[in-house]
Amino acid sequence: MARSMWKGAISFGLVHIPVDMYPAVETKGLDLTMLDRRDFSPVGFKRYNKGNGKEVVWDDIVKGYEYEDGEYVVLSDEDLRRANPEATQTIDIQAFVDAGDVPLIYYDQPYYLAPGKGGAKVYALLRETLREAGKIGIAHVVIRVKQHLAALICVGDTIVLNTLRYPDEMRDAGELKIPSPNSKTASVTVKELKMAMALVEGMSEDWAPAQYHDSYREDVLALVKKKIKAKQTKTITQPEPEKEKRTTGKVIDLVALLQASLGKKPAKAALAALDDDDDDDDPPPRKSRKPVDEEDSGDDQPPPRARKAATSGARATATKAAAKPAAKKAAAKSATKAPARKKAA
């Protein structure tokens, strides 16, 4: 576990629980570097002074609040802390509510809370109280320079602080064209609803998060390995010709789509109730996904980024690519001189 990013205390009533806060998530993605397509050198960014254009190092950077155009008030980290010391060091619980009362759309970022020095007993007390009552604590906490609304949730033996979005941060969905239950163009029939329910039953299973993973990232990394083996460490893949665009405005046969889905994951008990309504043939089985070659799969670490000085094979590829225009010009010249040579012969 990384170092704690925040130290303070949970406070509710007269109870004071010293805690340390740790990030609960680690974002994993594709670490792609921007390159100059002309020589494949990495592209960098500089922090510079907009007044004189010179680069500025981190030690010379301070934070400021612009109260008028071009006029600033400089605020140090100590200034931000002293503005409200209690708010910056306390997770202040305002109320306890049922977890189901907070819509999932309000949840933002989770953090682990661990007991600080001497806080194990009272930490355990709050955890067991939340578990027994089936409640979550709604609190205020300042992280960096923003005060967040947060929910304290008992997850296993750990108290998790999940920041919440404020109501005024939520956009109004009323501007969207959402079909109403009584819509004539989007009305749902009893048969369609029964088939959809059968599909849900057929796909229902226990929550097992370990079975889900970022398959797209794995596929891209497999492609990277193949390009390295083929010495294509500096080749830019050109876009394929655009496929024919799908026509819009067609009427969708919702029953057919549901039947096809049910054919992939049937729910025998639920489908038996639909025998009287369903006379269509079973759809073809879903094509299985081609397995990735053993050489290209596994738990290998992502390959190193391409650099300006690459392998000799990559240099040869770049040299050939640069020589193609010259070769074409030479061929064109020789073609124009060909008739003169025949006369001389």
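Remember, it's a predicted structure, so these values are computed and weren't measured experimentally.

### Looking at helix 4 (residues 190–203)
Move 1: Compared with an ideal rise of 1.5 Å per residue, which puts 14 residues at 20 Å, helix 4 spans 20 Å between its outermost C-alpha atoms and is within 8% of the ideal.
Move 2: If you check which residues of helix 4 are buried, you get Glu-192, Met-195, Ala-198 and Leu-199. Taken end-on, helix 4 shows its buried residues confined to a sector of 125°, consistent with a single buried face.

### A word on the nonpolar core
Move 1: Formed by 19 residues in total, the largest nonpolar core has its most connected members in Ile-10, Met-21, Ile-91, Leu-113, Leu-152 and Leu-161.
Move 2: Those residues in contact with Ile-91, other than ones at most four positions away along the chain, are Trp-6, Ala-9, Ile-10, Ser-11, Val-19, Met-21, Leu-113, Ala-139, His-140, Val-141, Leu-152 and Leu-161.
Move 3: Counting 8 residues, the second-largest nonpolar core is a separate cluster that includes Tyr-107, Ile-136, Ala-151 and Ile-153.

### A word on unusual backbone geometry
Move 1: Look at Phe-40: it is not a glycine, yet its phi comes out positive at around 60°.
Move 2: Here Phe-40 lies in the loop between strand 2 (15–23) and strand 3 (63–68).

### Observations regarding the packing of aromatic side chains
Move 1: Evaluated as defined, the whole model comprises 2 aromatic pairs.
Move 2: Between the aromatic rings of Phe-12 and Phe-96, the centroid separation amounts to 5.8 Å while the plane-to-plane angle is 85°, which identifies the pairing as edge-to-face. Residue Phe-12 is found in strand 1 (residues 6–12), and its partner Phe-96 is found in strand 5 (residues 90–98); the two are separated by 84 residues along the sequence.
Move 3: Aromatic pair Trp-207 and Tyr-212: ring centres 5.8 Å apart, planes at 20°, arrangement stacked.
Move 4: Tyr-212 gets classed as partly exposed once you look at its relative accessible area, which sits at 48%.

### Things to note about the sheet that holds strand 1
Move 1: A barrel is described by the order of its strands in space; here 7 strands give the closed sequence 1-2-6-9-8-7-5, paired in mixed fashion. Strand-to-strand twist in this sheet, taken as the mean axis angle between neighbours without regard to direction, amounts to 40°.
Move 2: With 3 bridges joining them, strand 1 and strand 5 adopt parallel strand pairing. Pairing of Ser-11 across the sheet is with Asp-92, part of strand 5.
Move 3: Contacting strand 1, strand 2, strand 5, strand 6 (107–115), strand 7 (135–143), strand 8 (146–155) and strand 9 (158–164), helix 3 (residues 120–133) runs over the sheet at an angle of about 85° to strand 2.

### Some thoughts on helix 5 (residues 215–229)
Owing to its 3.6 residues per turn, the α-helix brings residues three or four apart onto one side.
Move 1: Helix length check: helix 5, at 15 residues, gives a terminal C-alpha distance of 21 Å against a target of 21 Å (1.5 Å per residue), a fit within 8%.
Move 2: At the N-terminal end of helix 5, a side-chain oxygen is found 3.4 Å from the backbone nitrogen of Tyr-216, two or three residues along, and the residue is Asp-214.

### Let's talk about the pairing of strand 7
Move 1: Counting buried residues along strand 7, 7 of its 9 residues qualify, which places the element largely inside the surrounding structure.
Move 2: Strand direction decides the pairing type here: strand 5 and strand 7, joined by 6 bridges, are antiparallel. Bridge assignment links Asp-98 to a residue of strand 7, and that residue is Lys-135.
Move 3: Alignment of strand 7 against strand 8, held across 7 bridges, turns out to be antiparallel. Its bridge partner being in strand 8, Gly-137 is matched across the sheet by Leu-152.
Move 4: In this antiparallel pair of consecutive strands, strand 7 and strand 8, the connection spans 2 residues, and Arg-144 shows a positive phi of 60°.

### Considering the confidence of the model for the protein chain
Move 1: Summarising the model, the protein chain shows a mean pLDDT of 76, and 71% of its residues fall at 70 or more.
Move 2: Strand 9 holds the highest mean pLDDT among the elements of the protein chain, 96, whereas helix 8 (residues 312–344) holds the lowest, 45.
Move 3: Within the model, pLDDT remains below 50 along residues 290–345, and this stretch shows 32 contacts once partners closer than five positions in the same chain are excluded.

### What to know about a nonpolar patch on the surface
Move 1: A cluster of nonpolar side chains, Tyr-65, Tyr-67, Val-73 and Leu-75, forms an exposed patch at the surface whose accessible area comes to about 390 Å².
Move 2: As for its placement among the helices and strands, Val-73 is situated in strand 4 (residues 71–75).
Move 3: For Val-73, a relative accessible area of 39% gives the class partly exposed.

Rules used throughout
- Residues numbered from 1 in each chain as written.
- Predicted model: local features only at pLDDT ≥ 70, side-chain atom pairs only at ≥ 80, totals over all residues.
- Heavy atoms only, no water.
- Helix = DSSP H or I, 4+ residues; strand = E, 2+ residues; numbered from the N terminus.
- Expected span 1.5 Å × (residues − 1).
- Buried < 20%, exposed > 50% of the residue type's maximum accessible area, 1.4 Å probe, protein only.
- Arc of directions from axis to C-beta.
- Core = buried A, V, L, I, M, F, W, Y, C linked by side-chain atoms within 4.5 Å.
- Contact = heavy atoms within 4.5 Å.
- Phe/Tyr/Trp six-rings, centres within 6.5 Å; stacked < 30°, edge-to-face > 60°.
- Pairing = 2+ DSSP bridges.
- Axes fitted to C-alpha atoms, helices over the stretch in contact; angles between N-to-C directions.
- Polar contact = N/O pair within 3.5 Å; in protein donor to acceptor, adjacent residues only side chain to side chain.
- pLDDT = per-residue confidence, 0-100.
- Patch = residues over 30% accessible without salt bridge, like charges linked within 9 Å, V, L, I, M, F, W, Y side chains within 5 Å.
- Areas by Shrake-Rupley, 256 points an atom, 1.4 Å probe, with all protein chains shown as cover.
- Salt bridge = Lys/Arg side-chain N within 4 Å of Asp/Glu carboxyl O.

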